[in-house]
Amino acid sequence: MDILISSIVAGLLIGMALALVALGLTIIFGVMDIVNFAHGEFLMIGMYTGLFTAQSTGMDPLLTLPLAALVGFLLGVLCYAGFVRFLLRGPMVAQLLGTFGLMLLLRNIALLIFGSEDRALHHGILVGKSFDVGMEIILPATKLAAAGLSILAFGAVWLFMKKTRIGKALTATALNRQAASYMGIPAERMNALAWGIGVSSVTIAGALLVNFWSVNPYVGLLFTMIAFAIVALGGFGSVPGALFAGLVVGLITEIPGFWDFLTLAFSAEWMENVPMTSFKYMWVYVAYFVIMVVRPRGLFGWKY
Amino acid sequence: MEVLNSAFDFKDFPRLDLTIAALVAVFLAFFPVLPHSSFAMATVIQFLMFSLYGMGWNTIGGYGGQVDLGKAQYVGIGAYTTAVMLTKWDISFWFSMPVGVCFSVLWSFILGYPLFRLKGHYFAIATIATSLVLKDLFEVWDFVGAARGIEISPIQFPSPDFIRLIFKEDVYYYYLILIFFFIGILYMNWFRKSRLGFQLRAIKDNEEVARSLGINVHWAKIRTYAIATAFVSVVGSFHACYIKNIEPEDTMSLDISILIALMAMLGGAGSLWGPIIGAGILIPLKSYLKEWLGARAGLIGIDLIIYALIIMAISAFEPRGIWGIVQKIRRRRR
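Residues numbered from 1 in each chain as written. Chains lettered and ligands numbered in written order. Predicted model: local features only at pLDDT ≥ 70, side-chain atom pairs only at ≥ 80, totals over all residues.

Attention now goes to the overall build of chain B. Regarding its fold elements, chain B presents 15 helices and 2 strands. For 334 residues, the compact-globule estimate of 2.2 N^0.38 gives 20 Å, and the C-alpha radius of gyration of chain B, at 20 Å, lies within 12% of that figure. Within chain B, the fraction of its 334 residues that count as buried is 46%. Considering only contacts within chain B whose residues lie at least 6 apart along the sequence, 75% involve residues at least 24 apart. (Helix = DSSP H or I, 4+ residues; strand = E, 2+ residues; numbered from the N terminus. Rg over C-alpha atoms; globule rule 2.2 N^0.38 Å. Buried ≥ 20, exposed ≤ 12 C-beta atoms within 10 Å, placed from the backbone. Contact = placed C-beta atoms within 7 Å.)

When helices and strands are tallied, chain A shows 13 helices and 2 strands. The C-alpha atoms of chain A give a radius of gyration of 19 Å, which matches the 19 Å a tight globule of 304 residues would have. Dimensions of chain A, computed from C-alpha atoms along their principal axes, come out at roughly 65 × 50 × 35 Å. For chain A, buried positions account for 54% of its 304 residues. Put simply, 79% of the contacts in chain A that link residues at least 6 apart link residues at least 24 apart.

Here the focus is the interface of chain B and chain A. Between chain B and chain A, the residue contacts involve 37 residues of the former and 35 residues of the latter. At the level of secondary structure, the elements contributing two or more residues to the side of chain B that touches chain A comprise helix 6 (120-140), helix 12 (254-267) and helix 14 (302-317) of chain B. At 12 residues, helix 6 of chain B tops the list of elements feeding residues into the side of chain B that touches chain A. Looking at side-chain class alone, the side of chain B that touches chain A contains 30 nonpolar, 5 polar and 2 charged residues. (Nonpolar A, V, L, I, M, F, W, Y, C, P; charged D, E, K, R; others polar.)

Taking 1.5 Å per residue as the helical rise, helix 6 of chain B with its 21 residues ought to reach 30 Å, and the 32 Å between its terminal C-alpha atoms agrees with that figure. The element helix 6 of chain B is largely enclosed, with a buried count of 17 among its 21 residues. (Expected span 1.5 Å × (residues − 1).)

What follows deals with helix 8 (residues 195-205) of chain B. Residues and elements named next belong to chain B. Restricting attention to buried positions, one finds in helix 8 the residues Gln199, Leu200 and Ile203. Viewed end-on, helix 8 has its buried residues packed into an arc of 100 degrees, placing them on one side of the element. Looking at the buried side of helix 8, the elements it contacts are helix 3 (38-63), helix 9 (207-212) and helix 10 (217-243). (Arc of directions from axis to C-beta.)

What follows concerns the confidence of the model for chain B. Residue and element names in this part refer to chain B. Mean pLDDT for chain B: 83, with 97% of residues reaching 70 or above. Helix 1 (residues 2-7) is the least confidently modelled element of chain B, averaging 76 in pLDDT, while helix 10 averages 89, the highest of any element. The ipTM for the predicted assembly is 0.79, set against a pTM of 0.84. (pLDDT = per-residue confidence, 0-100.)

All names here are of chain A. Turning to its location among the elements, Leu139 is positioned in strand 2 (residues 138-140). Given 17 C-beta atoms within 10 Å, Leu139 falls into the partly exposed group. In this structure the C-alpha to C-alpha distance between Leu139 and Val9, which are 130 residues apart in sequence, comes to 8.4 Å.

So, on to the nonpolar core. Considering soluble globular proteins, one finds that nonpolar side chains tend to be buried as a cluster. Residue and element names in this part refer to chain A. Formed by 200 residues in total, the largest nonpolar core has its most connected members in Ala17, Ala19, Val21, Ala229, Ile230 and Tyr288. Residue contributions to this core peak at 17 residues, all from helix 1 (residues 2-32). If sequence neighbours within four positions are ignored, Ala17 has contacts with Ala146, Ala147, Ser150, Ala205, Leu208 and Leu209. (Core = buried A, V, L, I, M, F, W, Y, C linked by C-beta atoms within 7 Å.)

Bringing the packing of helix 5 (residues 141-163) of chain A against helix 8 (residues 187-209) of chain A into the picture now. Residue and element names in this part refer to chain A. Between helix 5 and helix 8, the least distance of the axes is 10 Å, while the angle of their chain directions is 170 degrees. The angle between helix 5 and helix 8 falls in the class roughly antiparallel. Within the contact between the two elements, helix 5 uses Ala146, Leu149, Ser150, Ala153 and Val157 and helix 8 uses Ile197, Ser201, Ile204, Ala205, Leu208 and Leu209. (Axes fitted to C-alpha atoms, helices over the stretch in contact; angles between N-to-C directions. Parallel < 35°, antiparallel > 145°, perpendicular 65-115°, else oblique.)

This part takes up the environment of Ile255 of chain A. Residue and element names in this part refer to chain A. As for its placement among the helices and strands, Ile255 is situated in helix 11 (residues 255-266). Its 21 C-beta neighbours within 10 Å are what place Ile255 among the buried residues. Along the backbone, Ile255 and Lys280 are 25 residues apart, and their C-alpha atoms lie at a distance of 6.9 Å.

Moving on, we get to unusual backbone geometry. Residue and element names in this part refer to chain A. Of note, the phi angle at Asp33 is positive, near 55 degrees, even though the residue is not glycine. Looking at where Asp33 falls in the secondary structure, it is placed in the loop between helix 1 and helix 2 (39-57). The exposure class assigned to Asp33 is partly exposed, which follows from the 17 C-beta atoms found within 10 Å.

What follows deals with the packing of helix 9 (residues 220-234) of chain A against helix 10 (residues 239-252) of chain A. Residues and elements named next belong to chain A. At their nearest, the axes of helix 9 and helix 10 sit 8 Å apart, and the two run at 120 degrees to each other. With respect to their mutual orientation, helix 9 and helix 10 come out oblique. Note on packing geometry: the crossing formed by helix 9 with helix 10 is right-handed. Between helix 9 and helix 10, the contacting residues are Ile226, Ala229, Ile230, Val231, Leu233 and Gly234 on the first element and Gly241, Ala242, Phe244, Ala245, Gly246, Val248 and Val249 on the second. For the contact of helix 9 with helix 10, a count of residues per class yields 10 nonpolar, 3 polar and no charged. (Left-handed = near helix turned anticlockwise from the far one by under 90°.)

Averaged over every residue, the pLDDT of chain A is 81; residues scoring 70 or more account for 90%. Here strand 1 (residues 130-132) of chain A stands out as the element of chain A with the lowest mean pLDDT, 66, in contrast to helix 3 (residues 65-87) of chain A, whose mean of 89 is the highest.

Mapped onto the elements, Leu105 of chain A comes out in helix 4 (residues 92-114). Residue classification places Leu105 of chain A among the buried residues on the basis of 21 C-beta atoms within 10 Å. Separated by 44 residues in the primary sequence, Leu105 of chain A and Leu149 of chain A have C-alpha atoms spaced 30 Å apart. Those residues within four positions of Leu105 of chain A in sequence are excluded, and the remaining contacts are Ile305, Ala308, Leu309 and Met312 of chain B.

Here it is in C-alpha cells:
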C-alpha cells in the first residue's frame, strides 16, 4: 500500500512539472500549427541556465527562475524571427525537419560548449532536504517546490491567456487565425509572442527540474517526446488539457512503482522478473501512440 | 514483360539527365578499380545504402506525401533478423533477408492500419513513437543482446563467404549493394508509373478527390508503406552483415529515421533522382566533416552543427529540395 501511495504522489509531483514543460509546446502548436522538435532542447537550455547561474553567483537555484524566463523569451522570439517565420511558408515536411534541424543545432552547440558529462546541482536550500509525511511517504523538498512553482507558473500563463488584452489576442489567434486577423490582431506579432511565452515557460520548467535532475546535452529528446504525449492526450492547443494530461503522464512514468505494488499484492513471481524500470518511458510512447490512434483530438482539443 | 519494359523506360527524362546518370553509373561501377582510400570506400557504401533507404522512404513520403519519421525500426528489424539467424542458427543471408522482409512487412501492416487513420503532423509524430517503443523493447530484450547488441565475429567463417555474406574486403559488399542499388532504381522507375504510383500522387494532391475517384485511400497507403518497409528492411539485413556489430542505438535511433527522410527531402521528395542526389550530398558531407572537424580538430559535435545549419537552410528556403531548384531553372529557360 505504501508503494502505491508513494508512487501516486511521486507521479503527481513530477506530472505538475511535466505539465509546465508541455505548456509551451501546446501554446506554440495552438497558435501556428507547428510541431516543435526543439522543445526539449529549450528545456535543456533552461536547465543549464539555472545550473550555471546558481553555481557562478552562489544564488539559490530557485532564484534563477526569472533569468531563465528572460533567456527563454528572448531565445523564443529570436528563433521565431530568425528561422521559424520562414518555415511557415513551406510544406509540413519542411516544418518538421526544420525544427529537427534546430534541435540538432542547439544540442550540438551545448555539446561543444558544455561537454557531454552529466552535471547536477549540489547546493541550494532545498537540495537534499525532504519531508516525511508519515506512512513511509517521503517528499523531497526539491520536487515539492518544483511541483508547486510549476503550478504557479502554469496558473500565471493561463491567467495571462484568459484575462489580459494581449493574451486574449493570442487565444483568439489560436482559435481562428483568419477571423483574428480581420479583427486587427497582428498575426506575425502573435506568432512571435507565442514563441516567446512558449519557450520561456519551458525554460522555467528546466530551471525547476535541474534541482533534482542532472543535465547533459542529450536530455532534450526524452522531454520532447513526453511533451508530445502530454499535448496529444490533453489536446493540441489546449491549455487546461496540458495540466490534466501532465498529471496523467506523470502517473504513467510511475508505472514501475505500480508494478511493484501489484507484484507484492499478488505475490506473483513471474512479475518480479519483468525489468519494468527499463520500460519506464516506453509506456509514455505507447500511451502516446494509443491516444493518437483512438482520439487524435485529445481530451480537450479542438484541432484535428 | 510489360513491367520490365516500364522499368527500363527512362524516356521521359531529358537527355542531359540521362547522360549524367549514365556517367555516375559508370563511375560507380569502376570506383573500386580507381585509387581510393578505405574511408572513401566506406563512405560510398554508406551512400548506396542510404540512397536505398531514401528510395524506400520516397514511395510513401515523396509520392504519397505521408511524412514517415519511423523508418529506423524497420532497419532494426531487418538487421536483427539477419544477425540473430546468423549467430544463433548459422542461417544464410539469402534466407534470412526475405524472412526479415516478411517480419518487417507484417509489422508494417499491424502498425499501418491504425497509423494511416492519422494525417499530417499527427501521423509523423505517431511514427516516431512506434519506432522509439520498438527500440526500447530491443534494448531490454536479452535474446537479441539487449543494449549491447549482437556482434557477428568474422573469424569463424572463411573470408569470401557468399552464402553468409561475410567478407574481409569491402569490395564484395560494394558490388553487392551496387547491384541492389540498380535494382532499386529500376523498381522505383516502374513504381512511379504504376497504378499505385499514380494513385498515391492523387492522394497527395487531394485525398477527398482521390477517394471520390474510387481509390481505396487507406489501403493504397498501407500497401505503399509496406513497399517502403521492404526496401528499408533489405538494406537493414545488409547493414548487419556489413557492419557486423549492431546495437539498438545505431540501427533504430530517431536520428536514422530523420536522416532517411532528410536525404529524400534535400534531393527532392517525389522524384526518382531526389533521394540519390540527397544521399550523394549529405553522406559524404557528414562523414568527411566528422573526419576533418570532429576527429582531427577535436571539436566534438561541430560536424553536426554544420549539418543542422544545412537542414535548417534547406527547409526554410527551398523545401522542394535540389530537384526543385533544377526544375525551377528549367522552367525559366523554356
